[in-house]
Amino acid sequence: MATENIDNKSIESAQQEIIDEFAFLTDWMDKYEMIIQMGKELPMIADEYKVPENLIKGCQSQVWLHADFKDGKLFFTADSDALITKGLVALVVRVLSGHTPKEIIASDLHFVDDIGLKSHLSPTRSNGLLSMLKQIKHYAIAFNTLQH
Amino acid sequence: MSTILSFSEIKELRRDFPILEQKVYGNPLVYLDNAATTQKPREVIEKLDLYYKAYNSNVHRGVHHLSQVATDAYEEARKTVAAYIDAGDDKEVIFTKGTTDGINLVASCFGRSFLQAGDSVMITAMEHHSNIVPWQMICEERGATLKVIPFNAFGELELDKMAELLDDSVKLLALTYVSNSLATVNPVKEIIAAAHEKNIPVLLDAAQAVQHMSVSVRALDVDFMVFSGHKIYGPTGIGILYGKQEWLDKLPPYQGGGDMIKTVTLEKTVYNELPFKFEAGTPDISGAIGLAEALKYVRRIGIDRIHATEADLMDYALTRLQTLPGIRIIGQAKQRAGVISFLLGTAHPFDTGELLDKQGIAIRTGHHCCQPVMDIFKIPGTARASFAFYNTHEEIDALVSGLERAAKILL
């Protein structure tokens, strides 16, 4: 098996871009306004994919996630019933969508912590974000296995 | 009619609660999640501290001095609880881990002795999961069924339906005194009387009641009543099961272990008498003592004054919240206590709660462990503000302006 190059530079630069965008927002309400704005830019999941099988159930808010595999890369579309969750989902999709399964498996999403939203990834938060991240990695592992 | 606590009295009492003095995200903490758990007064915190510093020891066991002191304090705590709920006898008061533990105890012990295939247990549609799931489990085990009293659009029980459902198959009625999601105060005295007419015993979930109003188990003539210490200014991990002696004597023990036995041989064990029969193992000694201290604290202020003060706060909050465009109050019973469940326009409760949190305002969001209630209203959950006597009108104002700010972002 040939060794593939894992290029995580673009994942890293996408994270850095987000960190920079949030750097000047010191007020929490401004930060959340920005997150909600990001949610509006999330590639909308097609209605046909907004089905129970694609539903990632959080305790409070729900996330639908769909993965497309094209030219060796994974592309995600998603939605959530809560605006803040939708914004957080949009940020994750923006960073990871369009990368190979290997890149996604190797990625370390530190930006959530860096912009002060670490609490959203705690298992007790149950807003669906942590479950969504797990689901993305599962997709990546599954498509990576399929490829070989 | 009790007079309400004055503004200056509330300010003074707030000093008893060290936790309330902090800032959260740069804003003064506004704690409106009292239905989830209440904060603890200094007296309770210091009592726990003193217990571990001065007389920590196992109860009912040792001959030594410390064990005697601890046993006396633990049994004194039982007396304080018995007096608070007006129980006829101390031994009718069982220390548990909390409301959930108490319900599981009764469901398991009552079910094993009195439920047969074809029997049923009656609950209401507004119960907390902790007063649904234990009954579902024991009903499944015994081949019994669960009957449910519905409620109307205001969140009031449909008592005429209860009369229809209350047939010979019903062996026990378990219901909440005050709904944790709708705020409804159920007419439990009437309901208990109606059940008793058919010789059906009643378990009352008083987790959202005892901290808000005077509750007398003898005046209600209730057979079993449960509540949690931490929702009435006491420590977590301690709760109370009250049971009429005639019922507790009829039930088999719940768990086996130390302290619940009289004699043990490898062939046969003779169980201890009440209340120890239901307290296997080393109990939460400090928790029991802390809970008693909390009840004394409540008694010093006066539960009737607390009730009147919170009713005033509830009225003020309802009036102020209703000025918000698009607000929807979930649960509009005439008799209410403790909480206000609401939706801010089309905003998801999670978003509402998140934006309030960042303004220092603590509320609860979600289904409040009452998924059936949310299903009936066809909503994913609500935002819920819940009150204690230490909350002020200013805090309600902060909630309302916090919601106005959230609405600007979310709607």
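Caption draft 1: Region of interest: the overall build of chain B. When its secondary structure is counted, chain B shows 14 helices and 17 strands. Whereas a compact globule of 411 residues would reach a radius of gyration of roughly 22 Å, chain B reaches 22 Å, a difference of no more than 12%. For chain B, the C-alpha atoms occupy an extent of roughly 70 × 55 × 40 Å along the three principal directions. In chain B, which comprises 411 residues, the proportion classed as buried is 49%.

Caption draft 2: Summary view of the overall build of chain A. Within chain A, the secondary structure is distributed over six helices and three strands. Along the chain direction, N to C, the helices and strands of chain A fall in the order α-α-β-β-β-α-α-α-α. Residues counted as buried form 36% of the 148 residues belonging to chain A. For chain A, the proportion of contacts with a sequence separation of at least 24, taken over those separated by at least 6, is 67%.

Caption draft 3: Structural view of the sheet that holds strand 5 (residues 120-124) of chain B. Residue and element names in this part refer to chain B. Strand order in the open sheet formed by seven strands is 4-10-9-8-7-5-6, with mixed pairing between adjacent strands. Taken across any chain shown, the strands that pair with only one partner, and hence form the sheet edges, are strand 4 (93-96) and strand 6 (145-149). Looking at each pair of strands side by side, their axes are set apart by 20° on average, direction ignored. Relative to strand 8 (residues 202-205), strand 7 (residues 170-176) is paired through four bridges, and the arrangement is parallel. Its bridge partner lying in strand 8, Thr 176 is registered against Asp 205.

Caption draft 4: The interface of chain A and chain B, seen in detail. Contacts between the two partners involve 14 residues from chain A, matched on the other side by 14 residues from chain B. Of all the secondary-structure elements, those providing two or more residues to the side of chain A that touches chain B are helix 2 (28-40) and helix 3 (83-96) of chain A. Ranked by the residues each element gives to the side of chain A that touches chain B, the list is headed by helix 2 of chain A, at five residues. Looking at the side of chain A that touches chain B, its residues break down into eight nonpolar, four polar and two charged.

Caption draft 5: The arrangement of the nonpolar core in detail. Of all hydrophobic cores here, the largest spans 155 residues; its most connected members are Val 89 of chain A together with Val 81, Leu 204 and Ala 206 of chain B. Lining this core are residues from two domains, each supplying at least three of them: domain 1 (7-31 + 302-410) and domain 2 (45-299) of chain B. Setting aside chain neighbours within four positions, we find Val 81 of chain B in contact with Val 93, Ile 240, Leu 291, Ala 292 and Leu 295 of chain B.

Caption draft 6: Fine view of the confidence of the model for chain A. Across chain A, pLDDT averages 86, with 89% of residues at or above 70. Of all the helices and strands in chain A, strand 1 (residues 55-57) of chain A carries the lowest mean pLDDT, 80, while helix 4 (residues 101-106) of chain A carries the highest, 94.

Caption draft 7: Molecular detail of the sheet that holds strand 2 (residues 62-70) of chain A. Residue and element names in this part refer to chain A. Strand order in the open sheet formed by three strands is 1-2-3, with antiparallel pairing between adjacent strands. At either end of the open sheet lies a strand with only one pairing partner, and these are strand 1 and strand 3 (73-80). Direction aside, neighbouring strands of the sheet carry axes that sit 30° apart on average. Summarising the sheet, strand 2 and strand 3 pair through eight bridges and their orientation is antiparallel. If you follow Val 63 over to strand 3, its bridge partner there is Ser 80. Along the sheet, helix 3 contacts strand 2 and strand 3; its crossing angle with strand 3, the most-contacted strand, is approximately 175°. Packing against the sheet, helix 6 (residues 129-147) makes contact with strand 1, strand 2 and strand 3, and its axis sits at approximately 20° to strand 2.

Caption draft 8: Quick peek at the environment of Gly 331 of chain B. Residue and element names in this part refer to chain B. With respect to the secondary-structure elements, Gly 331 resides in the loop between strand 13 (327-330) and strand 14 (339-344). Owing to 24 C-beta atoms within 10 Å, Gly 331 belongs among the buried residues under this scheme. For Gly 331 and Ser 179, which are 152 residues apart along the polypeptide, the C-alpha to C-alpha distance reads 9.3 Å. Discounting chain neighbours no more than four positions away, the residues touching Gly 331 are Gly 155, Ser 179, Ser 181, Leu 182, Ala 183, Thr 184 and Ser 341.

Caption draft 9: Just the environment of Leu 251 of chain B, in detail. All names here are of chain B. Relative to the helices and strands, Leu 251 resides in the loop between helix 9 (245-250) and strand 11 (261-264). Here Leu 251 falls in the buried class, since 21 other C-beta atoms lie within 10 Å of it. Spatially, the C-alpha atoms of Leu 251 and Leu 105 are 9.9 Å apart, while their sequence positions differ by 146 residues. Setting aside chain neighbours within four positions, we find Leu 251 in contact with Cys 109, Phe 110 and Ser 113.

Caption draft 10: Focus on the domain arrangement of chain B. All names here are of chain B. Domain annotation for chain B reports domain 1 (7-31 + 302-410) and domain 2 (45-299). Relative placement of domain 1 and domain 2: their C-alpha centres are 28 Å apart. At the interface, 24 residues of domain 1 touch 21 residues of domain 2. Contributing elements (two or more residues each) for the side of domain 1 that touches domain 2: helix 11 (303-321), strand 14, helix 13 (371-377) and strand 17 (382-386). Looking at the side of domain 1 that touches domain 2 residue by residue, the class counts come to 12 nonpolar, eight polar and four charged.

Caption draft 11: Examining the pairing of strand 11 of chain B more closely. The sheet contact formed by strand 11 of chain B and strand 12 (residues 269-271) of chain B spans three bridges and is antiparallel. Residue pairing across strands places Thr 263 of chain B opposite Val 270 of chain B, the latter belonging to strand 12 of chain B.

Caption draft 12: Structural view of the confidence of the model for chain B. Chain-level statistics for chain B give a pLDDT mean of 96 and a share of 100% at 70 or above. The ipTM value of the predicted complex is 0.86, and its pTM value is 0.93.

Caption draft 13: Local environment of helix 12 (residues 349-357) of chain B. Burial runs high along helix 12 of chain B: eight of the nine residues are buried. Three or more residues of helix 12 of chain B are buried, namely Pro 349, Phe 350, Asp 351, Thr 352, Gly 353, Glu 354, Leu 355 and Leu 356 of chain B.

Caption draft 14: Fine view of the packing of helix 2 of chain A against helix 3 of chain A. All names here are of chain A. One can describe the packing of helix 2 onto helix 3 by two numbers: an axis separation of 7 Å at closest approach and a directional angle of 70°. On the basis of the axis angle, helix 2 is roughly perpendicular to helix 3. The element helix 2 and its partner helix 3 pack so that their crossing is left-handed. Residues Tyr 32, Ile 35, Ile 36, Met 38 and Gly 39 of helix 2 form the contact with helix 3, whose own contacting residues are Leu 83, Ile 84, Lys 86, Gly 87, Leu 88, Ala 90 and Leu 91. Class assignment for the residues of the contact of helix 2 with helix 3 results in nine nonpolar, two polar and one charged.

Procedures and definitions
- Residues numbered from 1 in each chain as written.
- Chains lettered and ligands numbered in written order.
- Predicted model: local features only at pLDDT ≥ 70, side-chain atom pairs only at ≥ 80, totals over all residues.
- Helix = DSSP H or I, 4+ residues; strand = E, 2+ residues; numbered from the N terminus.
- Rg over C-alpha atoms; globule rule 2.2 N^0.38 Å.
- Buried ≥ 20, exposed ≤ 12 C-beta atoms within 10 Å, placed from the backbone.
- Contact = placed C-beta atoms within 7 Å.
- Pairing = 2+ DSSP bridges.
- Axes fitted to C-alpha atoms, helices over the stretch in contact; angles between N-to-C directions.
- Nonpolar A, V, L, I, M, F, W, Y, C, P; charged D, E, K, R; others polar.
- Core = buried A, V, L, I, M, F, W, Y, C linked by C-beta atoms within 7 Å.
- Domains from an automatic or database assignment.
- pLDDT = per-residue confidence, 0-100.
- Parallel < 35°, antiparallel > 145°, perpendicular 65-115°, else oblique.
- Left-handed = near helix turned anticlockwise from the far one by under 90°.

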